[in-house]
Amino acid sequence: MNNSSDPTNDQPGTNVFTFYNNHSHSVIIDQVVTPIFYVIGLPANPLSAYIWLNRKTRANNSSAIYLGALSISHVIFLLFHILQELRYAWDIKTYDGHISCEIFNMLFCIPQYLAPLLVLGFTVERYIAVCHPFKKARYCTVKRAEMVVVCLLVTCLLISTLQAYFWTYDEVHQICNHRPEIQNGDFLLLWTWLTELLLFGVAPLAALIFNILVIREIHILTSGGPAHTGSSGGSSQASTATLLCVSFYLICTWLPYTVIYSLSNEFPIGDFSLTTEEVQRDATWQRHFVYNTIRVIVQEITLSNSACYFFIYYATGKHFRDSVHEILCPTKCIATTNRNHLAKQYIAVSKSSHLNGTVATCV
């Protein structure tokens, strides 16, 4: 999701935004689909963070720490993504300038790097809780979860600092671009591939492996009957279902983009000096436009990862669902609804009793 694979104005006199807008559907897809995820994610993620990090929710619930941190990370990512979207999809300069270019690209990578690591963190924790229950009291604690989140944040911050060196303001083209001294070197390419594959390839695959082990253990426990699941099996399985859905959603949305990103060198950019008619006949440009359109579509699916977790929490977590109802629906509204429901029941019972020739009683 970062800027490492986006085309830049390497050709004097060429406006890349106008060029792609005239020849590709990728810009229109960006302009139409991306704001939908802003509308969903910007209010939903703060609400999710508030519920997960509420004192009542996070008490003796280490997973709530991870999910709360994940929601905050998604809010920050979407706010930074708006600035990037204005720059690349609408050709509005936002962070193009000295210092702001370096700072933006460094900070923008932190929530991107942090999200898959947080998902991997609570996936490992759920694996310990389900497959090694006797170690749960030692490793699956709120304090340890807070320490893990802080360590992951520091790690992502350290990894992202190099982005401040990679990027700088290009005064010739007046855009934020890679430094000239590293554009033709191997270090930038190697570092980008290393971080992209580790964080967006290896981390989701590792989460997938732990999920398979958790599902296998749950199947063994449930097939053994209630005696094997314990008295708290219902709430534990509900929590496990939420975390499994979150983890699988990240895997299904991040891995395809990682694969698409890895194929970028197979569909190079063509010659910008060609005329419109020549571009339409040029095989290199046409292959690149098809690839770029597919890449943008997959990128939008990946962006949904930062906006739609709220629906997973709501569908799989009863406590989260009840908390949402308490926040969005006042107590008086709930009480009125209950009274109306009871009144309808009373009327129904009264009519039924009257027809049967019996005296109606209040139920």
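Residues numbered from 1 in each chain as written. Predicted model: local features only at pLDDT ≥ 70, side-chain atom pairs only at ≥ 80, totals over all residues. Heavy atoms only, no water.

Trainee: Looking at this model, I keep getting lost on the overall build of the chain. Mind explaining?
Mentor: Scanning the chain for helices and strands turns up 16 helices and two strands. Taken over 363 residues, the chain has a buried fraction of 44%. Put simply, of all contacts in the chain between residues at least 6 apart along the chain, 74% involve residues at least 24 apart. By element, 65% of the accessible surface of the chain is carried by carbon and sulfur atoms, the whole surface being about 19,100 Å². (Helix = DSSP H or I, 4+ residues; strand = E, 2+ residues; numbered from the N terminus. Buried < 20%, exposed > 50% of the residue type's maximum accessible area, 1.4 Å probe, protein only. Contact = heavy atoms within 4.5 Å. Areas by Shrake-Rupley, 256 points an atom, 1.4 Å probe, with all protein chains shown as cover.)

Trainee: Which parts of the structure should I look at to understand unusual backbone geometry?
Mentor: Generally, phi is negative for residues other than glycine and the peptide bonds are trans, each holding for most cases. Backbone geometry places Asn 60, a non-glycine residue, at a positive phi of 60 degrees. In this fold, Asn 60 is placed in the loop between α3 (55-58) and α4 (62-88). Phi angles above zero are rare outside glycine, and Asp 91 is one such case at about 60 degrees. With respect to the helices and strands, Asp 91 occurs in the loop between α4 and α5 (100-131). Under the relative-accessibility criterion, Asp 91 is labelled partly exposed at 32%.

Trainee: Looking at this structure, I do not really get the pairing of strand β1 (residues 167-170). What am I missing?
Mentor: Side-chain positions along a regular strand alternate between the two faces of the sheet. When β1 meets strand β2 (residues 175-178), the two strands line up antiparallel, connected through four bridges. Of the residues in β2, the one forming a bridge with Asp 170 is Ile 175. Following β1, the chain reverses through four residues before pairing antiparallel with β2; Gln 174 in that reversal takes a positive phi of roughly 55 degrees. (Pairing = 2+ DSSP bridges.)

Trainee: Which parts of the structure should I look at to understand the packing of helix α7 (residues 142-166) against helix α9 (residues 187-223)?
Mentor: In a pair of packed helices, the angle between the axes and the distance between the axes together describe the arrangement. Closest axis-to-axis distance for the α7/α9 pair is 12 Å, and the angle between their directions is 150 degrees. Between α7 and α9, the angle falls in the class roughly antiparallel. Of the two possible hands of crossing, α7 and α9 adopt the one that is left-handed. Two secondary-structure elements touch here, α7 through Ile 159, Leu 162, Gln 163 and Phe 166 and α9 through Phe 187, Leu 188, Trp 191 and Thr 195. (Axes fitted to C-alpha atoms, helices over the stretch in contact; angles between N-to-C directions. Parallel < 35°, antiparallel > 145°, perpendicular 65-115°, else oblique. Left-handed = near helix turned anticlockwise from the far one by under 90°.)

Trainee: Honestly, the environment of Ile 72 in this entry has me stumped. Any pointers?
Mentor: Position of Ile 72 relative to the elements: it lies in helix α4. Look at Ile 72 and you get partly exposed, because its relative accessible area is 40%. As a C-alpha pair, Ile 72 and Pro 111 span 39 residues in sequence and 8.8 Å in three-dimensional space. Residues in contact with Ile 72, not counting those within four places in the same chain, are Ala 49 and Leu 53.

Trainee: Explanation requested: the side chain of Ser 63 in the structure shown.
Mentor: Its place among the elements puts Ser 63 in helix α4. For Ser 63, a relative accessible area of 4% puts it in the buried group. Beyond its immediate chain neighbours, meaning those up to four positions away, Ser 63 contacts Glu 125, Arg 126 and Leu 243.

Trainee: Sorry, what's going on with α5 here?
Mentor: Residue pairs spaced three or four apart in an α-helix point in one direction, given the helix's 3.6 residues per turn. Compared with an ideal rise of 1.5 Å per residue, which puts 32 residues at 46 Å, α5 spans 47 Å between its outermost C-alpha atoms and is within 8% of the ideal. Among the 32 residues that make up α5, 28 are buried, leaving the element largely enclosed by the rest of the structure. (Expected span 1.5 Å × (residues − 1).)

Trainee: How should I be thinking about the UniProt feature "transmembrane region" (unreviewed entry) in the chain in this particular structure?
Mentor: As annotated in UniProt, the feature "transmembrane region" (unreviewed entry) corresponds to residues 32-53, 65-83, 103-124, 145-168 and 188-214 in the numbering used here. The span residues 32-53 shows a helical share of 95% and a strand share of 0%, and its end C-alpha atoms are spaced 33 Å apart. Taken end to end, residues 188-214 has its terminal C-alpha atoms 38 Å apart, with 100% of it in helix and 0% in strand. (UniProt positions renumbered as here; feature names shortened; annotations may be inferred.)

Trainee: Explanation requested: the packing of aromatic side chains in the structure shown.
Mentor: Centre distance and the angle of the planes are the two values used to describe a pair of aromatic rings. In the structure shown here, the tally under the stated rule is 25 aromatic pairs. Aromatic pair Phe 187 and Trp 191: ring centres 6.4 Å apart, planes at 25 degrees, arrangement stacked. Residue Phe 187 and its partner Trp 191 are located together in helix α9, separated by four residues, close to a single helical turn. Through pairs of rings, three or more aromatic residues link up here, namely Trp 52, Tyr 249, Tyr 309, Phe 310, Phe 311, Tyr 313, Tyr 314 and Phe 320. (Phe/Tyr/Trp six-rings, centres within 6.5 Å; stacked < 30°, edge-to-face > 60°.)

Trainee: Looking at this model, I keep getting lost on the nonpolar core. Mind explaining?
Mentor: Grouped burial of nonpolar side chains is what soluble globular proteins tend to show. In terms of nonpolar packing, the biggest core is built from 58 residues, with Leu 70, Leu 118, Phe 122, Val 246, Tyr 309 and Tyr 313 touching the most fellow members. Broken down by element, this core gets its largest block of residues, twelve residues, from α5. Here Tyr 313 is in contact with Ser 48, Trp 52, Leu 67, Leu 70, Ser 71, Thr 242, Val 246 and Phe 320, once residues within four sequence places are set aside. If you look at the next biggest cluster of nonpolar residues, it comprises nine residues, including Val 16, Tyr 20, Val 27 and Phe 289. (Core = buried A, V, L, I, M, F, W, Y, C linked by side-chain atoms within 4.5 Å.)

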